[in-house]
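# A structural walkthrough
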Amino acid sequence: MDSYLVVGIIIFMMIMFLLMGMYIHSVLLASGIIGLILLEGFSILPGLLGNEPFNRVASYTLTTIPLFVLMAQFILHSGLVQDIFYIVHKISRGRRSLLGTLTLIIGGMLGAVSGSGTATAASLGQVAVPELRKHGYSGPLAGAIASAGGSLSGIIPPSIILILYGVATETPVGALFIGAFIPGVLVMVTFIIAMLFYYRRETKRSPAAAEAQAEIAAAAEAEAAEEKVPVTRLAVSVIMGFLIVATIFGGIYSGIFTPTEAGAIGSVVGLLTALLLGKVNLNFFKASLTETIKLTGMVMLIMIGAQIFGRFVSLSLLPRKLISLLEPVMDSPALVLLLISAILFVMFMFIEGAAVILMTIPVFLPIITALQVDVLWFGVFISVICTIGLITPPVGLSVYAVSGVTGISSGSIFKVGMGFAVFSMIVVCGLMIAFPELATWLPSVSGGKG
Amino acid sequence: MNGMTTFYKLYGYFGVLKKIGLVISAVVALIMMFFITYDVVMRNVFSSSIRGGFEIIQNYMMPLVVFPGLAYVYASGVLPKMELLFAKFSPAVKRILILFLIAIEVFILVLVVQFSWTYAMDGMERNTSFPAAGTLYQLWPVFFTIPAAFALIVIENIFLFIKNLIEKDPTFVVEYNPSEEEQIINQAVK
Amino acid sequence: ACGGETSSEDAASADGEKITLRAATGLSPQHAWWEGGMEPWMDRVTELTDGQVEFETFTSGELVAVPDEAEAVENGTVDVALILPIYQPDQFPMAEVTMLPLSHSDTMIASNAWKALLESDVELQDGKTFSELQFDQFKVFPISTTQEYSISTTGKEFASAGDVKGTSLRTPSRIHEMYSKQTGLNSITMPAVEMYDAMSRGAFDGSFYSIADWTGYGFQDLFKYTVTGINFGHFNAFIGMDEAKFDSLPENVQEAMEQATDEYFEDSAQIWMDRSEEVIAMNEEQGGQFVDFATLPQDVQDHFNEGIENTWGDYAKLLEDNGLPGTELVKLWRDLMIEQGGEVPQKVKEM
Ligand code: NA
Ligand code: NA
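Residues numbered from 1 in each chain as written. Chains lettered and ligands numbered in written order. Predicted model: local features only at pLDDT ≥ 70, side-chain atom pairs only at ≥ 80, totals over all residues. Heavy atoms only, no water.

## Looking at the overall build of chain C
To be explicit about the condition: By definition, any uninterrupted DSSP run of H or I lasting at least four residues is a helix, any uninterrupted run of E lasting at least two residues is a strand, and each is numbered from the N terminus. Throughout, exposure labels follow a simple rule: accessible area from a 1.4 Å probe, protein chains only, divided by the maximum for the residue type, with under 20% read as buried, over 50% as exposed, and the rest as partly exposed. Accessible areas in this description were obtained via Shrake-Rupley with a 1.4 Å probe; residue shielding takes into account the shown protein chains only. When charges are counted, Lys and Arg contribute as positive and Asp and Glu as negative, whereas His and the chain ends are disregarded. Positions of charges follow a simple convention, taking NZ of Lys, CZ of Arg, CG of Asp or CD of Glu.
Scanning chain C for helices and strands turns up 12 helices and 11 strands. The principal-axis extents of the C-alpha atoms in chain C amount to approximately 65 × 45 × 30 Å. For chain C, the proportion of its 351 residues judged to be buried stands at 63%. Accessible surface computed for chain C: about 11,900 Å², of which carbon and sulfur atoms make up 42%. Here chain C holds 20 positive side-chain charges and 64 negative ones, and the gap between their average locations is 7 Å.

See below:
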């Protein structure tokens, strides 16, 4: 069948399936499989459907997903994060918008020890969302804050996306990591600004609801004030929290272990923390491990679906057909870059980030090289878009992770998340196009080394 | 009512199977954590790493963390979907939609089971192995966890289909009252 | 296969009809094997057939990842692919032979020997040649090997044989594992994408790698000490097509493919030599040091050479233990190498 027609049918089908409420992984699997059948017939299926589930899962780098989630689970069930949020809450007393800001900053710091936005988002969803809600944030906004904070792992190094890009384009991964630092912080700052905007609007738009929420919040604060946490426990929590961050940062940056291995080390340290705080028992393991397997299974099922769907997209040659439309405007690089960002933004909305990177690089890289755009800059640039894509519908793994652990509907989180995404996209990508040095300056002064 | 009791009894047995899968996944996740940590310690203290460690983790442990527990994960209702529009439909529409979605789901899953089974059988025939530290380790047995995992999910969907056919309230999960479950298991044990 | 463009399945029919072949690699499009080998080959085939044959290309694992190319060709997901058999010693146990360490060779020597091995009519076992034993299901179009593998470290130098023992290096194949065992090197296994990070922070000392391939992972900025003039084998590859698929193509197309292989073979080796020079210049600019093996202390040289000799025997034995003609194979490879101008230690000559 004509591939344009197939692509048209499949896009329509995807939208219908999504609206009907089909599981995301099933939407991807069904669209991918039916698309492949329409395009190539059943004969193509054995080669792609048989081995892709195994190939997708059997990856050392992806051990970060279960292990960073496990670390988060151990830390969560140790009560440490609650204690720290208790302190954060004390600090932000009377200024509730500060709690959202601090949550995003904690998301950024977690991003520096995690390569996977989804895992971080899931743990933030578990810890931060209940706190945010207690302090008067609506469910959707709290969910969006956790999703956005978690997605920061995609750009703040170490980042799986940057690693994939480095491998695919033969760009030094260490240089990419350094180059991504400033843009990563910029994304965090734009998220904070967007969060403050939504928070203000939320409290202004429905004063009655806001008042009611404020009352609940005040009650919660009063309650929290009453159930005082012993100072010694807080001290242990703070010391252990500091130790976890120090172990992971110190371990990675001193070469004791790699960013991937940090997941395992972090889990062990998390387990030790829980032991110190006296929380380890059979239930502790049951709860932590069940949640870990649930989230891992969820992410991996979607990744398998995305993989199969990505194979369909590749074979339909859709990306290069889109790109060939760009050819007439090649003399104006800024315009081409804008178009590319728009295309990527749309693709990242629909398709899992790593799949998009692998799919589009063969097509975009020649154009980028022809335009004499810096390959390192471009890598950081598309990682920014990819990070933002983690919180856009219909495929936004961060949001799904948060929705999965909190029970807040993903649709309502997306409504707010989309605002974060568009704002951050315009500001950070605009700045990066206007001032490429934001990505290239740091690697150049550090000699391109990691 | 007797039919439903049998239904839940069977589903109870099936639940045991899923739990076993979950336990396998959970234990392997713990092993993976200690294995990598041990490797890091060995490398830094004795400057020698576990020979073939990364290949073993990648090819054995990761699939065993993901696939055995997958049916449990699927049944737990954690998997995401867009609920925005669905919630607005009437129960009758919901029910038709669910039956339709399950049918598509089963069609897709059966294809995955079929082709991943072929892949596993093919791997057994070729004795597919992976090299690690100069040795070849058999890989094909792991391949069978994939059709097994997806077959369990097909069964889950069949339970779900039947439940939606018989009962009034349309649902995405075969939920049941825990006390009722206990009751059934107790009965089953008798 | 349903109308529209001519797809690959019903393509191979009448003469003159347009044929679109799906071609893939898991490597990046900048990789020397693609950019310098398979791409010019495909262009030349298109040219020789006056545009009758066209290729739809997929790189960087967009469709097929390393090392699944062989499988993808066999099950028809793609028509033609860059196949890296060393990554699958379970399926192609004899392909690793080109990774055997040598006293001297270069990309050109090894490539010619590899081509000769693939085309060799020497019967190794049951009346079958090397290609028949290993790649019977494929139509094989030879392509260059990589440049020779060297040992590079992030700073550790070999002043004595004692320095060699305990040095931790990443090992890319079973043969390097054997060699490490023989010489007391610690072998580290780690995904290639993690190496830069791990080495730059001192997690281990270095790696066996081919200099021309460094840029793929940024190692030109990282390695400080490289021993040249000793050679830890060559990684190999070939352009592979399903045998039946090839037989179904019109004769003029088959001829064009063979002709393109002959014409482009040498250039595909030359690109490695050129790249290597560029990379050495880049590395020296960053303070990298290249040390000739002959200038190392005698005990270090002896230690390495002894390892080379024993590794040949170990590999032959490994194959024999699995019912394969190991001794015949390593002897054939040795002879082909020497014929092309390569050198092996005395003991290997006497095997
Ligand atoms: Na990160
Ligand atoms: Na998205």
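More follows now that the structure is in view.
## With respect to the nonpolar core
What counts is decided by this rule: Take the buried residues of types Ala, Val, Leu, Ile, Met, Phe, Trp, Tyr and Cys, join any two whose side-chain atoms come within 4.5 Å, and each joined set is a nonpolar core. All domain edges in this entry derive from an automatic or database-based domain assignment. Only heavy atoms enter the contact rule, under which two residues are in contact if any of them lie within 4.5 Å.
By size, the foremost hydrophobic cluster in this structure holds 307 residues, and its most contacted members are A:Phe420 and C:Met257. The element that contributes the greatest number of residues to this core is helix α16 (residues 282-316) of chain A, accounting for 17 residues. Split by domain, this core shows at least three residues from each of two domains, domain 1 (1-50) and domain 2 (62-445) of chain A. Sequence-distant contacts of A:Phe420, that is, excluding residues within four places in its chain, are made with A:Leu141, A:Ala144, A:Ile145, A:Ala148, A:Phe191, A:Ala194, A:Met195, A:Tyr198 and A:Ile391.

## A closer look at the pattern of salt bridges
To keep things clear, this is the line we draw: By definition, a salt bridge exists where a carboxyl oxygen of Asp or Glu is found within 4 Å of a side-chain nitrogen of Lys or Arg.
The final tally for this structure, using the stated rule, is 21 salt bridges over all chains. When the shortest N-O distance is used, the salt bridge between A:Glu291 and A:Lys294 registers 3.7 Å. Of the two residues, A:Glu291 and A:Lys294 both sit in helix α16, three residues apart, roughly one turn of that helix. For A:Glu291, a relative accessible area of 22% translates into the label partly exposed. With a relative accessible area of 16%, A:Lys294 lands in the buried category. With its nearest N and O atoms 2.8 Å apart, the salt bridge here joins B:Arg51 to C:Glu177. A residue pair is termed interchain when its members come from two chains, as with B:Arg51 in the loop between α1 (2-46) and α2 (53-66) and C:Glu177 in helix α6 (residues 174-183). Looking at B:Arg51, the relative accessible area reads 36%, which means it is partly exposed. Classification of C:Glu177 by relative accessible area gives buried; the value is 4%. Each member of the salt-bridge network shares a partner with another, and the members are B:Asp122, B:Arg126 and C:Glu74.

## Brief notes about the packing of aromatic side chains
All names here are of chain B. Applied cut-off: Two rings from Phe, Tyr or Trp (for Trp, the six-membered ring) form a pair when their centres are within 6.5 Å of each other. A pair whose planes differ by under 30 degrees is stacked, one over 60 is edge-to-face, and the rest are tilted.
What the rule picks out here adds up to 51 aromatic pairs over all chains. Taken together, a centroid distance of 5.2 Å and an interplanar angle of 75° make the contact between Tyr60 and Phe130 edge-to-face. Taken together, the residues span a long stretch of sequence, with Tyr60 in helix α2 and Phe130 in strand β1 (residues 129-132) at a distance of 70 residues. A relative accessible area of 23% means that Tyr60 is categorised as partly exposed.

## With respect to the interface of chain B and chain A
The line we're drawing: Values labelled buried area give the accessible surface lost by two parts on being combined, using a 1.4 Å probe and summing over both. As used in this structure description, the phrase polar contact means that two N or O atoms lie within 3.5 Å; if the pair is within protein, one of them must be able to donate a hydrogen and the other to accept it, and residues adjacent in sequence are counted only when both atoms belong to side chains.
Contacts between the two partners involve 55 residues from chain B and, on the opposite side, 65 residues from chain A. Approximately 5,300 Å² of surface area, both sides summed, lies buried where chain B meets chain A, with 81% of it carried by carbon and sulfur atoms. Our count for the contact surface shared by chain B and chain A stands at one salt bridge. Here A:Glu261 and B:Arg43 are joined by a salt bridge, their closest N and O atoms 2.9 Å apart. Summed over the shared surface of chain B and chain A, the result is five residue pairs in polar contact (both at pLDDT 80 or more). Put simply, the parts of the chain that give the side of chain B that touches chain A at least two residues each are α1, α2, α3 (70-75), α4 (91-126), α5 (140-143) and α6 (145-166) of chain B.

## Observations concerning the sheet that holds strand β2 (residues 53-58) of chain C
Residue and element names in this part refer to chain C. Just so we agree on the cut-off: For two strands to pair, DSSP has to find at least two bridges joining them. Here the axes come from fitting lines to C-alpha atoms, over the contacting stretch only for helices, and the angles between their N-to-C directions go from 0 to 180 degrees.
What the five strands build is an open sheet, ordered β2-β1-β3-β10-β4; its pairing is mixed. The outermost strands of the open sheet, each flanked by one partner alone, are β2 and β4 (138-142). In this sheet, adjacent strand axes meet at a mean angle of 30° when their direction is disregarded. Relative to strand β10 (residues 238-242), strand β3 (residues 80-83) runs antiparallel, the two sharing four bridges. Among the inter-strand pairings, Val80 is bridged to a residue of β10, identified as Met241.

## Quick look at the side chain of C:Arg44
All names here are of chain C. As for its placement among the helices and strands, Arg44 is situated in helix α1 (residues 32-48). Polar side-chain contacts of Arg44 include one of 2.5 Å to the side chain of Glu47. Once residues within four sequence positions are removed from consideration, Arg44 is found in contact with Gln259, Ala260, Glu263 and Tyr264.

## Topic: a nonpolar patch on the surface
Using the following cut-off: Only residues whose relative accessible area exceeds 30% and that take part in no salt bridge are eligible for patches, with like-charged residues grouped when within 9 Å of each other and nonpolar side chains (Val, Leu, Ile, Met, Phe, Trp, Tyr) grouped when within 5 Å.
A cluster of nonpolar residues, A:Phe181, A:Val185, A:Val189, A:Ile193 and A:Phe423, forms a patch on the protein surface that exposes about 390 Å² of accessible area. Here A:Ile193 shows up in helix α12 (residues 181-205).

## Notes on the sheet that holds strand β7 (residues 186-188) of chain C
Residues and elements named next belong to chain C. Taken in spatial order, the six strands make up an open sheet running β7-β6-β8-β5-β9-β11, and their pairing is mixed. Strands at the two margins of the open sheet, each flanked by one partner only, are β7 and β11 (289-292). Here the strands of the sheet are splayed against their neighbours by 35° on average, with no regard to which way each runs. Two strands pair when backbone bridges link them, and strand β5 (residues 149-153) and strand β8 (residues 206-210) are joined in this way by five bridges, in the antiparallel orientation. By the bridge assignment, Thr153 is partnered in β8 with Gly206.

## Notes on the domain arrangement of chain A
Residue and element names in this part refer to chain A. Put simply, the test is: Residue polarity follows a fixed list, in which Ala, Val, Leu, Ile, Met, Phe, Trp, Tyr, Cys and Pro are nonpolar, Asp, Glu, Lys and Arg are charged, and the others, Gly among them, are polar.
Assigned domains within chain A: domain 1 (1-50) and domain 2 (62-445). Taken together, the 21 residues of domain 1 in the interface contact 16 residues of domain 2. Taken over both partners, the interface formed by domain 1 and domain 2 buries close to 1,700 Å², and the fraction arising from carbon and sulfur atoms is 87%. The three residues of domain 1 that bury the most area against domain 2 are Ile24, His25 and Leu28, which together make up 30% of that side's buried surface. Summed over the shared surface of domain 1 and domain 2, the result is zero salt bridges. At the junction of domain 1 with domain 2, the criterion picks out zero residue pairs in polar contact (both at pLDDT 80 or more). Counting residues per element, the ones that place at least two in the side of domain 1 that touches domain 2 are α1 (3-20), α2 (24-40) and α3 (45-49). Counted by class, the side of domain 1 that touches domain 2 contains 15 nonpolar, five polar and one charged residues.

## Let's talk about the packing of α4(B) against α6(B)
Helix-helix packing is characterised by the crossing angle of the two axes and by the distance between the axes. All names here are of chain B. Stated precisely, the cut-off is as follows: Angle categories are assigned with fixed cut-offs, so that under 35 degrees is roughly parallel, over 145 is roughly antiparallel, 65 to 115 is roughly perpendicular, and the rest are oblique. Two helices that cross are described as forming a left-handed crossing if the nearer one is turned anticlockwise from the farther one by less than a right angle, and a right-handed crossing if clockwise.
Packing of α4 against α6 leaves a shortest axis separation of 9 Å and a crossing angle of 160°. By the angle between their directions, the pair α4 and α6 is classed as roughly antiparallel. Judged by the twist between their axes, the crossing of α4 over α6 is left-handed. Where α4 abuts α6, its residues Arg95, Ile98, Leu99, Ile102, Glu105, Val106, Leu109, Val110, Val112, Val113, Ser116 and Trp117 lie against Ile146, Pro147, Phe150, Ala151, Ile153, Val154, Asn157, Leu160, Phe161, Asn164, Leu165 and Ile166. The residue inventory of the contact of α4 with α6, partitioned by class, reads 19 nonpolar, three polar and two charged.

## Some remarks on helix α15 (residues 262-276) of chain A
Residue and element names in this part refer to chain A. Our working definition: Multiplying 1.5 Å by the residue count of a helix minus one yields the expected span of that helix.
Here α15 is 15 residues long and its end C-alpha atoms lie 21 Å apart, about the 21 Å a rise of 1.5 Å per residue gives. Most of α15 is tucked away, with 12 of its 15 residues classed as buried. Three or more residues of α15 are buried, namely Ala262, Gly263, Ala264, Ile265, Gly266, Ser267, Val268, Val269, Gly270, Leu271, Thr273 and Ala274.

## Brief notes about the interface of chain B and chain C
On the chain C side, the residues contacting the 18 residues of chain B number 17 residues. For the chain B and chain C pair, buried surface summed over both sides reaches about 1,500 Å², with 48% attributable to carbon and sulfur atoms. Along the contact surface separating chain B from chain C lie two salt bridges. Put simply, chain B and chain C have four residue pairs in polar contact (both at pLDDT 80 or more) between them. Elements with a minimum of two residues in the side of chain B that touches chain C: α2, α4 and β1 of chain B. It is α2(B) that contributes the most residues to the side of chain B that touches chain C, three residues altogether. Tallied by class, residues from the side of chain B that touches chain C come to five nonpolar, nine polar and four charged.

## With respect to the pairing of strand β9 (residues 225-228) of chain C
In summary, the side chains of a regular strand alternate between the two faces of the sheet. Residues and elements named next belong to chain C. Two strands pair when backbone bridges link them, and β5 and β9 are joined in this way by three bridges, in the antiparallel orientation. Each bridged residue has a counterpart across the sheet, and for Thr153 the counterpart in β9 is Tyr225. Relative to β11, β9 is paired through four bridges, and the arrangement is parallel. When the bridges of β11 are listed, Val227 appears paired with Val291.

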